[in-house]
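A closer look at the structure
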Amino acid sequence: MSSALVPEPTVQLLHHAATERAGNMLVDSYARQEVVVLKRPRDGAEPREVVLVCGSCRERLTYRVFSVRAARRARRMWTALGLAGVGLVPLCVLVPNGVVAIVLALAGFGLALGSFTIVSRDIGVAGPGRLWRWPHYLAVPTEERTGALPTLRCDRCGHREPFAVGDFHDAKARLAQHTCPADGN
């Protein structure tokens, strides 16, 4: 997911809620927090610190929001490191020691893969859960994260209760407790 560097990035804090087994896979589910728009500092200014409070665990998480110019500079640096990693791989044929050649190839591949992964996810915001998803994850909201959750629907009034993996029973309880206008209440 490559994200554009916009003057005011939109983010959504997610809190790890559960890990469930689905066949031979482990599926992580997250409690979604409110979508937040972060204001970037002007180009050349120091990064702006923003504190978000997780609605699930009440932990205060501090993020640094970088200017567009600083974020572009960081992307260029990570891209250069990735290209350097790609450049290391062909050099391993010149190394006479097989073990050193394998280590060199793996290091180059790892550097390239890691750097390009960071570039693809970088939006110019640094902090807990920005790149690694445990226990908080700072995501760029997309339609699939905000509008396409499976839902339970009241047959009488159409009220909907969205749910994520692991949240079905809670959503079912919320739906049972909603005040249905069809009941005349």
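This text gives an overview of the structure that appears in the document. (Residues numbered from 1 in each chain as written. Predicted model: local features only at pLDDT ≥ 70, side-chain atom pairs only at ≥ 80, totals over all residues. Heavy atoms only, no water.)

Tallied over the full model, the rule gives one aromatic pair. Arranged with centres 6.4 Å apart and planes meeting at 55°, the rings of Tyr 30 and Tyr 137 form a pair that is tilted. Pair noted here: Tyr 30 is in strand E2 (residues 25-37) and Tyr 137 is in strand E6 (residues 136-139), with a separation of 107 residues, a long-range link. For the pair Tyr 30 and Tyr 137, one class covers both residues: buried. (Phe/Tyr/Trp six-rings, centres within 6.5 Å; stacked < 30°, edge-to-face > 60°. Helix = DSSP H or I, 4+ residues; strand = E, 2+ residues; numbered from the N terminus. Buried < 20%, exposed > 50% of the residue type's maximum accessible area, 1.4 Å probe, protein only.)

Read from one edge of the open sheet, three strands run E2-E1-E6, paired in antiparallel fashion. Since the sheet does not close on itself, it has two edges, and those belong to E2 and E6, each with one partner. Pairs of neighbouring strands in the sheet enclose a mean axial angle of 35°, with direction left out of account. Alignment of strand E1 (residues 10-22) against E2, held across eleven bridges, turns out to be antiparallel. In the strand pairing of E2, Arg 21 is matched with Leu 26. (Pairing = 2+ DSSP bridges. Axes fitted to C-alpha atoms, helices over the stretch in contact; angles between N-to-C directions.)

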